[in-house]
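Observations on chain architecture
So you can see what is in the structure, the chains are spelled out below.
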Amino acid sequence: MLRSTAAMLLLAALALSGCKSGAPPVRPAGGEARMGPAAQAGPLKQELLARYGESQKERIERGVDQVVSLWRASDGDAAEFIRAHFIADPVLLDVTFLRLEATFEQLDGHFLEIGRELRRPSDVDVGPLLPIDRLMAGLDASAHLTEDLFQSKIAFEVLLNFPLASLEERLSRGAGYSRRQWAEIRLANRFSRRIPPEVQQQMAKSASEAELYIAQYNIWMHHLLAGGERLFPRGLRLISHWNLRDELKGDYADPRGPAKQAQILRVMERIVTQTIPGAVIDNPRLDWDPGANSVTTAPPPEVEEGAPNRDNKASAAPEPNTRYAKLLSNFQAAKKADPYSPIAPTAIARSFEGREIPEERVVALLTEILTSPLVPKVSVLIEKRLGRSLRVQDLWYNGFQPRSTHSEEELDAITRKRYPHRDAFAKDIPRILQKLGFTKQKADFVASHVVVDPSRGAGHALQAARRGDSPHLRTRVEKDGMNYKGYSIAIHELGHNVEQVFSLYEVDHTLLSGVPNNAFTEALAFVFQARDLELLGLSKPDAASERLRVLNDFWQTWEIAGVALVDIAVWHWMYQHPGADPAQLRDAVVQIAREHWNKFYEPILGGKDTVLLGIYSHMISYPLYLPDYPLGHLIAFQIEEQVKKAGALGPEFERMAMYGSVTPDVWMVNAAGSPVSAEPLLRATEKALSSGDAEPSPRKK
Ligand SMILES: [Zn+2]
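About the thresholds
Residues numbered from 1 in each chain as written. Predicted model: local features only at pLDDT ≥ 70, side-chain atom pairs only at ≥ 80, totals over all residues. Heavy atoms only, no water. Helix = DSSP H or I, 4+ residues; strand = E, 2+ residues; numbered from the N terminus. Rg over C-alpha atoms; globule rule 2.2 N^0.38 Å. Buried < 20%, exposed > 50% of the residue type's maximum accessible area, 1.4 Å probe, protein only. Contact = heavy atoms within 4.5 Å. Areas by Shrake-Rupley, 256 points an atom, 1.4 Å probe, with all protein chains shown as cover. Lys, Arg positive; Asp, Glu negative; His and termini not counted. Charge placed at Lys NZ, Arg CZ, Asp CG, Glu CD. Core = buried A, V, L, I, M, F, W, Y, C linked by side-chain atoms within 4.5 Å. Salt bridge = Lys/Arg side-chain N within 4 Å of Asp/Glu carboxyl O. pLDDT = per-residue confidence, 0-100. Axes fitted to C-alpha atoms, helices over the stretch in contact; angles between N-to-C directions. Parallel < 35°, antiparallel > 145°, perpendicular 65-115°, else oblique. Left-handed = near helix turned anticlockwise from the far one by under 90°. Phe/Tyr/Trp six-rings, centres within 6.5 Å; stacked < 30°, edge-to-face > 60°. Patch = residues over 30% accessible without salt bridge, like charges linked within 9 Å, V, L, I, M, F, W, Y side chains within 5 Å.

**Some details on the overall build of the protein**
Of the regular secondary structure elements, the protein holds 30 helices and 10 strands. In terms of overall size, the protein behaves like a compact globule, its C-alpha atoms giving a radius of gyration of 26 Å where 701 residues would be expected to give roughly 27 Å. Along the first, second and third principal axes, the C-alpha atoms of the protein reach 85 × 55 × 45 Å. Per-residue burial over the protein gives 61% buried out of 701 residues. Considering only contacts within the protein whose residues lie at least 6 apart along the sequence, 76% involve residues at least 24 apart. With the model as given, the accessible surface of the protein reaches about 25800 Å², and the carbon-plus-sulfur share is 55%. Seen as two clouds, the 83 positive and the 89 negative side-chain charges of the protein have centres 2 Å apart.

What follows is the structure in structure tokens.
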């Protein structure tokens with residue numbers, strides 16, 4: 001998971017993806033009247049043309065249209081402004097561009113820091129949450145910035161002198177743009193829409209409330225009963241869905257794995273259907289049998305030492321659809337931005353505008369994976385390895401990972417010893433980076449720009465937006481040290497941080513800092529995470545483990561592709577049913593999850609009507625983020641191929657990351673020589689299947 005500040009992420013996903021989009025804006029429905037009729041713009045253009053000559057004709061036409069389209073009557077006299085601020089002199093235009101680039105780096109960078117500090121008590125484990133923390137996390141200090149930039153006319157000077165480019169234009173002509181042209185387009189497109197501050201503020205508030213809800217959604221596993229039996233160790237506290245899913249994956253190597261996995265599946269189903277008793281969430285003082293759905297007070301000897309103080313009154317009353325109330329609240333807040341975003345008039349449209357890949361192309365890529373004839377072939381291989389037919393839990397089969405040869409306990413012991421506290425991890429970053437092929441100098445440089453904090457949630461990476469500031473790595477280290485899950489996530493987050501350092505500190509234009517979209521930063525993080533065991537000195541990749549990695553990648557992409565389609569479908573449902581209440585939304589999510597399961601997964605895994613595709617927490621706290629994961633796998637695969645071709649990971653990673661935020665295909669052509677595609681993964685999977693001779697004998701279960 002990547003996180004800019006909560007507000008920034010949600011805004012990026014839902015509203016301000018217009019930063020990167022921006023066909024010429026049109027008048028917002030219900031917006032304030034503007035100066036803008038073309039009738040008035042015509043004479044003004046003629047006047048400027050007479051003054052500056054034919055060579056400026058195209059710039060005048062475009063600049064005047066761009067200003068007029070977002071000008072409101074309350075902004076004053078547009079003609080007067082345009083006469084005074086149109087820049088024809090190329091030298092003045094150049095220094096103005098440089099001034100704006102430098103200033104926006106400072107503005108964005110400092111606002112990001114303010115957001116980080118407002119959210120610090122919510123994101124970082126600084127002790128018990130105070131009532132004020134919730135309020136502070138909901139404040140977006142930059143909520144008024146865009147409107148202020150319009151009112152101060154800075155935005156209009158940009159729109160008058162620099163070009164907006166629609167998504168279609170960027171897709172069709174982007175390959176031919178110079179770096180400077182790209183930077184100018186990013187500068188102007190920041191102002192392609194004008195969403196009122198109160199709408200942005202409400203979106204930030206909903207987002208932060210949903211995040212806080214998810215961040216505290218822990219299950220105390222020792223307190224799960226299966227017919228009176230406790231399957232999980234004392235103190236094991238798993239956050240939904242990340243830790244639950246990863247525990248299920250880890251259980252393949254456990255003799256009691258099948259029973260544990262069945263228990264986890266029951267918990268997940270209860271969460272999705274909201275039949276989970278509200279009282280058992282993050283409560284180690286109650287025992288819960290998810291099968292019978294009964295709750296009892298935990299006997300005192302079973303309560304962990306130092307367990308948080310919670311009500312131990314047994315109650316099986318279901319959680320009152322809070323999960324779906326949070327999602328609905330995000331939807332309702334995002335929907336308020338629609339009238340101010342006419343070229344992308346829904347949160348769904350804005351999400352794909354921000355990715356700079358059209359929804360149809362994303363859905364087609366995901367469907368290509370889901371319906372690939374390779375799926376049944378890989379599933380036959382898994383059946384052979386498991387020595388049984390596939391079941392629902394094998395959605396998360398991870399036996400292609402070399403790590404399954406190590407039990408979760410072994411791995412935990414290794415990481416706990418190596419990283420007893422987060423400082424130990426922070427100190428180890430230069431070594432980790434050198435092991436990944438960075439020079440000592442580069443590794444020290446990057447490490448000096450990564451700040452490691454203790455996370456309340458599973459972990460995340462928080463970027464920086466101005467040179468002089470550092471990205472933050474938030475990681476969760478339990479009292480007895482960093483467990484393997486936490487370590488693996490930390491390596492993933494470190495991948496984000498390294499990309500963030502290069503794409504800010506080494507990019508040629510800070511207006512281009514970052515990556516094309518979240519899928520790219522996820523892909524780069526996966527490249528790191530794929531080497532987590534190697535970094536512990538546990539396994540060296542050989543042909544056989546490389547083959548396993550491909551099959552594992554394919555299976556994971558297949559899994560998350562369906563989850564992503566559910567996320568997209570749920571948002572379409574909400575737009576079709578804007579008046580729905582949380583209970584109706586719950587029923588819809590359950591139904592959509594079942595439909596997708598029955599269509600794509602039941603033929604392979606059985607379990608008709610399973611609701612598991614609805615368990616991802618992102619659906620609630622990071623709406624429409626999920627499609628970035630399967631895209632990330634595809635992209636990661638292309639990047640991995642390139643890294644292999646080039647040799648060392650370090651220098652290639654740096655070369656790719658410092659290219660910055662252009663369209664996905666342009667970025668990928670620079671990185672790997674071809675546009676984004678599912679083909680490399682599918683081809684490699686086919687090859688991995690056909691070289692099955694190297695297949696080790698099935699593991700004993
Ligand atoms: Zn991530």
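**Observations regarding the nonpolar core**
In this structure, Phe 425, Trp 555, Trp 558, Trp 571 and Ile 639 are the most contacted members of the largest nonpolar core, which totals 200 residues. When residues in this core are grouped by element, the largest group, 18 residues, is from helix H24 (residues 543-576). In contact with Trp 558, other than residues within four places in its own chain, are Ile 369, Leu 370, Val 375, Leu 395, Phe 600, Tyr 601, Ile 604 and Leu 605. Val 199, Met 203, Ala 333 and Ala 337 belong to the second largest nonpolar core, which has five residues in total.

**Some details on the side chain of Asn 497**
Relative to the helices and strands, Asn 497 is located in helix H21 (residues 484-505). If near-sequence neighbours (up to four positions away) are discounted, Asn 497 is found in contact with Val 450, Ala 461, Leu 462, Pro 471, His 472 and Leu 473.

**Brief notes about the pattern of salt bridges**
The full count for this structure, using the stated rule, is 50 salt bridges. Across the pair Arg 466 and Glu 113 runs a salt bridge, and its minimum N-O distance is 2.6 Å. Of this pair, Arg 466 sits in the loop between strand E9 (459-462) and strand E10 (472-475) while Glu 113 sits in helix H5 (residues 90-123), placing them 353 residues apart in sequence. The same class applies to Arg 466 and to Glu 113, which are both buried. Salt-bridge contacts for Glu 169 lead to Arg 173; the nearest nitrogen and oxygen are separated by 3.2 Å. Placement of the pair is Glu 169 and Arg 173 together in helix H9 (residues 167-173), with a separation of four residues, close to one helical turn.

**A few points about the confidence of the model for the protein**
On average, residues of the protein carry a pLDDT of 90, and 92% of them reach 70 or more. Within the model, pLDDT remains below 50 along residues 4-37, and this stretch shows 115 contacts once partners closer than five positions in the same chain are excluded. Within the model, pLDDT remains below 50 along residues 696-701, and this stretch shows nine contacts once partners closer than five positions in the same chain are excluded.

**Some remarks on the packing of helix H27 (residues 628-646) against helix H28 (residues 649-657)**
Across the interface, H27 lies against H28 with an axial gap of 9 Å and an inter-helix angle of 130 degrees. In terms of axis orientation, H27 runs oblique to H28. The interaxial crossing formed by H27 with H28 has right-handed handedness. Counting all contacts with H27, which are made through Ile 639, Gln 642, Val 643 and Ala 646, the residues of H28 involved are Leu 649, Glu 652, Arg 655 and Met 656.

**Let's talk about the packing of helix H12 (residues 242-250) against helix H13 (residues 257-273)**
As a packed pair, H12 and H13 sit with axes 9 Å apart at the nearest point and diverge in direction by 160 degrees. With respect to each other, H12 and H13 are oriented roughly antiparallel. Along this stretch, H12 crosses H13, giving a crossing that reads as left-handed. Of the residues in H13, those touching H12 at Leu 244, Arg 245, Glu 247 and Leu 248 are Gln 261, Ile 264, Leu 265, Val 267, Met 268 and Ile 271.

**As for helix H8 (residues 154-161)**
For an α-helix, 3.6 residues make a turn, and residues three or four places apart therefore share a direction. Where burial is concerned, most of H8 is hidden: seven out of the eight residues are buried. Residues of H8 that are buried: Ala 155, Phe 156, Glu 157, Val 158, Leu 159, Leu 160 and Asn 161. Packed against the buried residues of H8 are helix H3 (57-70), helix H4 (78-85), H5, helix H7 (145-151) and helix H10 (179-189).

**A few points about the packing of aromatic side chains**
Per the stated rule, a full pass over the model turns up 28 aromatic pairs. With centroids separated by 5.3 Å and ring planes inclined at 70 degrees, the aromatic side chains of Phe 150 and Phe 156 adopt a geometry described as edge-to-face. Like Phe 156, Phe 150 is buried. Ring centres 5.2 Å apart and planes at 70 degrees place the aromatic pair Tyr 419 and Phe 425 in the edge-to-face group. Phe 425 carries the same exposure label as Tyr 419, and that label is buried.

**Quick word on a nonpolar patch on the surface**
A surface patch of nonpolar side chains, about 250 Å² in accessible area, is lined by Val 91, Leu 92 and Val 95. Structurally, Val 95 can be placed in helix H5. Since its relative accessible area comes to 41%, Val 95 is described here as partly exposed.

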